[in-house]
Number of protein chains: 2
Amino acid sequence: MKMLLVFAHPEHQSFNGAMFQTAVDTLTAAGHEVATSDLYSMQFDPVSGRHNFLTLKNPDYFKQQLEEMHATETFGFAEDIEREMKKLEWCDLMIWQFPLWWFALPGILKGWVDRVFAMGRTYGGDRLYANGVFTGRRAMLSLTTGGPQQAYGKGGFNGDIHAILRPIHRGILQFVGFDVLQPHIVYGPVRLDQEQRTVLLAAYGSRLKHIGDERPFDVGIY
Amino acid sequence: MKMLLVFAHPEHQSFNGAMFQTAVDTLTAAGHEVATSDLYSMQFDPVSGRHNFLTLKNPDYFKQQLEEMHATETFGFAEDIEREMKKLEWCDLMIWQFPLWWFALPGILKGWVDRVFAMGRTYGGDRLYANGVFTGRRAMLSLTTGGPQQAYGKGGFNGDIHAILRPIHRGILQFVGFDVLQPHIVYGPVRLDQEQRTVLLAAYGSRLKHIGDERPFDVGIY
């Protein structure tokens, strides 16, 4: 299968970095084709705006979605965006590796979505959700949290982790048609010792060996 | 009162721009002190990392939260971060004006949070939620959506808007101690004509005239 790994963490030596490397190594060893977007190493610019486009249809009044539709027709996306779109369109399964910062994606990854998921090219008209452009493909979030697992239960300190992730699962991934796999969550790696981390990385590798066989999960209705 | 308005949209002529300007004008006319962070005009860098700090405690292994605590003790935040922190600490009431992109904050605003809301300075230890640094202050989200209101009801196409906003309300604002006011939401301004927009801007202005008297709302438990 064709696998796209998107990685958003400023330190490769972090536990997130180790999870990303585990995914690269395991999926490659299993015979998959692997592409990566290591956003910090790429120095990806996450600010969405006029520079998303080679030329503007209306330089005097910037309407991003109109420019996106225009760029879709005229092959007018900036090179850094076009390259990411091609990876997205190429993959069968996409994994995002990131730390949950403020109950959400890190800014660099959120801005990757803002810029790359363009109207016309990745969604639009009735090509949404079950009719989405990426129907039949799968995506999974692989993340770490700061807090311990008990803080993320229903009615807990922070609230249900699935409610926290739902805007990403529903509002980004399913919105453009991806089937969503159960997220892979490591709670509070900052409080784990090296042995515990090794065990968790091995468990992640084991899951990834058979990720191609996994079925989507129900992200819930709210 | 001291009001901080944070604005995240690439086009000042947009409806978001008009809402931001309405807030600046209305709150100033009502006698409040008004500070702004117009993130696109400031070309704010939303990528959180080593450059958040003047010097690093450990340049060989970047751990953001440890560096944040170190910078808190040594006045070591980069100038662009320190300036935003000072505004945050100054205000009695903060309003964020933004378009809801992908069920979430635009990348530039998410990255502003990632960088400015630093451990040690804005939260940490048991200074969270009801014991947060910003206890007694208030915050409000003012946003626009792409879809119509009926898409954002419970069990609707996109799901309950309050569930979508909850990671922001709970995971960012309440997390550091802010009391959260009912969000101000304009659904699908792209489909409104000029007269409808004028009415909605006037309604927003009316609300803002008395915003200092508003009480917090219940962001819900999940």
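Residues numbered from 1 in each chain as written. Chains lettered and ligands numbered in written order. Predicted model: local features only at pLDDT ≥ 70, side-chain atom pairs only at ≥ 80, totals over all residues. Heavy atoms only, no water.

Draft legend 1. How the structure looks around the relation of the copies chain A and chain B. Here chain A sits on chain B after a turn of 180° about the axis and a move of 0.0 Å along it, with an RMSD of 0.0 Å. Such a turn and shift between the copies fits a two-fold axis. Rotation axis and chain A: the residue whose C-alpha lies nearest the axis is G107 of chain A, separated from it by 2.4 Å. Interface overlap between copies is the fraction of interface residues in one copy that are interface residues in the other; for chain A against chain B it reaches 100%, indicating a shared surface. (Least-squares fit on C-alpha atoms with pLDDT ≥ 70 in both. Contact = heavy atoms within 4.5 Å.)

Draft legend 2. Looking closely at the pattern of salt bridges. Per the counting criterion, the structure on display carries 18 salt bridges over all chains. Residues E89 of chain B and R121 of chain B are paired through a salt bridge, measuring 2.6 Å at the closest nitrogen-oxygen approach. Of this pair, E89 of chain B sits in helix α3 (residues 79-90) while R121 of chain B sits in the loop between α4 (107-116) and β4 (138-145), and the two are 32 residues apart along the sequence. Residue class for E89 of chain B comes out partly exposed when judged on its relative accessible area of 28%. Classification of R121 of chain B by relative accessible area gives buried; the value is 17%. Taken together, the shared-partner salt bridges connect E82, K86, E89 and R121 of chain A into one network. (Salt bridge = Lys/Arg side-chain N within 4 Å of Asp/Glu carboxyl O. Helix = DSSP H or I, 4+ residues; strand = E, 2+ residues; numbered from the N terminus. Buried < 20%, exposed > 50% of the residue type's maximum accessible area, 1.4 Å probe, protein only.)

Draft legend 3. Region of interest: the environment of R137 of chain B. Inspection of the secondary structure puts R137 of chain B in the loop between α4 and β4. Separated by 63 residues in sequence, R137 of chain B and L200 of chain B place their C-alpha atoms 27 Å apart.

Draft legend 4. Fine view of the interface of chain A and chain B. On the chain B side, the residues contacting the 49 residues of chain A number 49 residues. With both chains or domains summed, chain A and chain B bury close to 3,800 Å², and 61% of this area falls on carbon and sulfur atoms. Linking chain A to chain B there are two salt bridges. Note that R50 of chain A is salt-bridged to E11 of chain B, the shortest N-O span being 2.9 Å. Inspection of the chain A/chain B interface yields 24 residue pairs in polar contact (both at pLDDT 80 or more). Contributing elements (two or more residues each) for the side of chain A that touches chain B: α5 (107-116) and α6 (161-174) of chain A. The class makeup of the residues in the side of chain A that touches chain B is 28 nonpolar, twelve polar and nine charged. (Buried area = accessible area lost by both parts, 1.4 Å probe. Polar contact = N/O pair within 3.5 Å; in protein donor to acceptor, adjacent residues only side chain to side chain. Nonpolar A, V, L, I, M, F, W, Y, C, P; charged D, E, K, R; others polar.)

Draft legend 5. Fine view of empty space enclosed by the protein. Overall, the coordinates contain one cavity of 30 Å³ or more when judged by the stated rule. What the largest cavity holds in volume is close to 160 Å³. Around the largest cavity, the lining comprises 17 residues; the ones closest to its centre are F103 and A104 of chain A together with F103, A104 and L105 of chain B. For the lining of the largest cavity, the elements supplying multiple residues, two or more each, are α6 of chain A together with α5 (161-174) of chain B. (1 Å grid on protein atoms, 1.4 Å probe; cavity = no way out; pocket = protein on both sides within 12 Å on 5 of 7 lines; lining within 4 Å. Points joined across faces, edges and corners; volume = space filled by probe spheres on them.)

Draft legend 6. A look at the environment of P148 of chain A. All names here are of chain A. With respect to the secondary-structure elements, P148 resides in the loop between β4 (138-145) and α6. Given a relative accessible area of 33%, P148 falls into the partly exposed group. C-alpha separation for the pair P148 and V186, spaced 38 residues apart in sequence, amounts to 9.1 Å. With residues near it in sequence (within four places) discarded, P148 still touches Y187 and R191.

Draft legend 7. Region of the structure containing the packing of aromatic side chains. Summed over the entire model, instances satisfying the criterion amount to 28 aromatic pairs over all chains. Centre to centre, the rings of W96 of chain A and W112 of chain A are 6.0 Å apart; their planes meet at 90°, and the pair counts as edge-to-face. Highlighted residues: W96 of chain A in strand β3 (residues 93-99) and W112 of chain A in helix α5, separated in sequence by 16 residues. Note on accessibility: W96 of chain A and W112 of chain A belong to one class, buried. One aromatic cluster in this structure is built from W96, W112, F117, Y123, Y129 and F175 of chain A together with W102 and F157 of chain B. Here the basic side chain of R170 of chain A rests over the ring of Y129 of chain A, its NZ or CZ set 3.8 Å away from the ring centre. Here the basic side chain of K63 of chain B rests over the ring of Y61 of chain B, its NZ or CZ set 5.2 Å away from the ring centre. (Phe/Tyr/Trp six-rings, centres within 6.5 Å; stacked < 30°, edge-to-face > 60°. Lys NZ or Arg CZ within 6 Å of the ring centre and 35° of its normal.)

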